[in-house]
Amino acid sequence: MTDALLILNAGSTSLKFTLYAVPDGGGDPRPLARGRAEGLDGRPHLRIRAEARGAGEAIEEDLDPDGGYESVLARVLTWTEAHGAGLRLIGAGHRIVHGGPDFAAPVRLTPAIVRRLAALNPLAPLHQPHNLAPVRALAHSHPGLPQVGCFDTGFHATNAPLTSRYAIPRALHDLGIRRYGFHGLSYEYIVSTLHAHLGPAAGGRVVIAHLGGGASMCAVHQGRSVASTMGFSALDGLPMATRSGAIDPGVLLYLMAEKDMRAAELGDLLYRRSGLLGVSGISGDMRRLLASDAAQAREAVDLFTYRIGRELGSLAAALGGLDALIFTGGIGEHAAQVRARVIEAAAWLGLRLDPAANEADGPRISPEGAAVPAFVIPTDEDLIIARHTLGVLRTWPPRHRGGPDRAGA
Ligand SMILES: Nc1ncnc2c1ncn2[C@@H]1O[C@H](COP(=O)(O)OP(=O)(O)O)[C@@H](O)[C@H]1O
Ligand SMILES: CC(=O)OP(=O)(O)O
Ligand SMILES: [Mg+2]
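Because the structure is predicted, anything quoted here is derived from the model rather than measured. (Residues numbered from 1 in each chain as written. Chains lettered and ligands numbered in written order. Predicted model: local features only at pLDDT ≥ 70, side-chain atom pairs only at ≥ 80, totals over all residues. Heavy atoms only, no water.)

Some details on the UniProt feature "binding site: substrate" (unreviewed entry) in the chain
The sites that carry the UniProt feature "binding site: substrate" (unreviewed entry) are, in the present numbering, Arg95. If you trace the backbone, Arg95 turns up in strand E6 (residues 87–96). Relative accessible area serves as the criterion here: at 5%, Arg95 is assigned to the buried category. In this structure, Arg95 is in contact with Leu8, Asn9, Ala10, Gly11, His127, Asn131, Cys150, Asp152, His183, Leu185, Glu381 and Ile385, ignoring residues within four places of it in sequence. One polar contact links Arg95 to Asn9, side chain to side chain, over a distance of 3.5 Å. (UniProt positions renumbered as here; feature names shortened; annotations may be inferred. Helix = DSSP H or I, 4+ residues; strand = E, 2+ residues; numbered from the N terminus. Buried < 20%, exposed > 50% of the residue type's maximum accessible area, 1.4 Å probe, protein only. Contact = heavy atoms within 4.5 Å. Polar contact = N/O pair within 3.5 Å; in protein donor to acceptor, adjacent residues only side chain to side chain.)

Considerations on the confidence of the model for the chain
Put simply, the chain has an average pLDDT of 93, and 96% of its residues get 70 or more. Here residues 399–409 is a poorly scored stretch, pLDDT under 50, and it has 35 contacts once near neighbours within four places are set aside; other chains count. Under the prediction, the complex receives an ipTM of 0.98, its pTM being 0.94. (pLDDT = per-residue confidence, 0-100.)

A short note on the domain arrangement of the chain
Examined at the domain level, the chain breaks down into domain 1 (2–151 + 382–402) and domain 2 (199–378). For domain 1 versus domain 2, the separation of C-alpha centres amounts to 27 Å. Taken together, the contacts link 9 residues of domain 1 with 9 residues of domain 2. Counting each side, the surface lost to burial between domain 1 and domain 2 is near 670 Å², with a carbon and sulfur contribution of 57%. Counting the surface domain 1 buries against domain 2, the share from its top three residues, Leu123, Pro125 and Leu126, is 59%. Our enumeration of links across domain 1 and domain 2 arrives at 1 salt bridge. Here Arg287 makes a salt bridge to Glu38, at a shortest N to O gap of 3.7 Å. The interface formed by domain 1 and domain 2 contains 1 residue pair in polar contact (both at pLDDT 80 or more). (Domains from an automatic or database assignment. Buried area = accessible area lost by both parts, 1.4 Å probe. Salt bridge = Lys/Arg side-chain N within 4 Å of Asp/Glu carboxyl O.)

Remarks on the site of ligand 2
Residues in contact with ligand 2, as listed here, are Gly11, Ser12, Arg95, His127, Asp152, Phe182, His183, Gly214, Met230, Ala234 and Arg243. One of the side-chain N or O atoms of His127 is found 2.6 Å from an oxygen atom in ligand 2. Here Gly214 contributes a backbone N or O atom positioned 3.0 Å from an oxygen atom of ligand 2. The class makeup of the residues in the shell around ligand 2 is 3 nonpolar, 5 polar and 3 charged. Looking at which domains feed residues into the shell around ligand 2, each of domain 1 (2–151 + 382–402) and domain 2 (199–378) supplies at least three. (Near = heavy atom within 4 Å. Nonpolar A, V, L, I, M, F, W, Y, C, P; charged D, E, K, R; others polar.)

Examining the nonpolar core
Buried together is how nonpolar side chains tend to be arranged in soluble globular proteins. Ranked by size, the top nonpolar core spans 43 residues in total, and within it Leu211, Phe304, Leu312, Leu325, Val338 and Leu351 carry the most contacts. Mapped onto this core, the elements with two or more residues apiece are strand E9 (205–211), strand E10 (215–221), helix H10 (286–291), helix H11 (295–319), strand E12 (324–328), helix H13 (336–345) and strand E13 (374–376). At 9 residues, H11 tops the list of elements feeding residues into this core. Not counting chain neighbours up to four residues away, the residues in contact with Leu211 comprise Leu238, Phe304, Ile308, Phe327, Thr328, Gly329, Gly330, Ile331, Gly332 and Val338. (Core = buried A, V, L, I, M, F, W, Y, C linked by side-chain atoms within 4.5 Å.)

Below, the structure written as structure tokens:
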């Protein structure tokens, strides 16, 4: 029997999972299979591929359009069950987007903790309910299986108190209304790879741009988060697929007072109808916008790259300079045109582009001799969750360890 971990990672536009084998002698968990469901707001499509020989057949299929995240999870579990011979599922690890004021380090998910995390649903409506649904579903189908939550907000716990503060009355700050920052599992993974790319400069002043369905940027110094573009919720900062990014709160007051808009409508506007989708009127998917000749699609991409440039300047100011820029996330890893435009607009910071390396998706996309190098590094949030899950399991009292005999059984 090989010990295995199931890692679930719900994003705003996707549900990803990785099944890992836990090596007997320690070391990093080894991926056996990875899956990804996309189109969860319309036509859900699931792809699973084996990462190791004999780890199960690949599948690619459409799912019930009305089934949502739950039907994806049910399919993932039946696939895991069918291919779990020889595996003993010892735990599940979950990406939980919001830890609020109380949770930063990875934590064992008990029913009481899940209830406290569910109280944060309004702070991350596109994520938190989808992060917690699989925790409850697994608790039901696999009672006794240890489950661990790892927080997107946790990496930013190193931000200075001043960085986290909004200029609002202290009593509201004390209620937890402050900046948190997100995509921390992705940033933590990127930081873990920096030495291999940058050598000793890995400890320097680095900005990481996580550009996916949600997008944010993080200023890192000596491997720790110093500041980031997201705040109390995952709405702030850059424009995203369907989220507005930073917007003058005066706009919201105006819409409420003069256009009679209520909280639910404003939430729908800011989370689901804005960003790349709102500006282009075509799609929130960068692939479609880059392939389109429409002027409004161009404008959406222009606004996205312009805002990245503005935030890069702001984060470089927070760091007191810039030693490297890293691109990651679905857009950061694959959209050469977006990276090129960001780097060209940031020549003033010492960034320069190697066009051929950029077209090849890196890893280094700036020429030798550039004052500030730029890299493309594919993120791996699941590996970070798996590492943390193992870490928490190792501190588990032995009588609580272990689950059913077979993955998914
Ligand atoms: N080849 C590509 N070119 C441009 N954009 C891409 C490409 N591949 C993926 N993307 C973008 O990446 C986004 C998804 O990013 P990802 O980080 O995987 O998702 P999530 O935010 O759900 O975690 C998609 O919405 C798409 O716009
Ligand atoms: C926090 C966030 O926006 O996550 P995602 O990019 O996965 O939507
Ligand atoms: Mg993501």
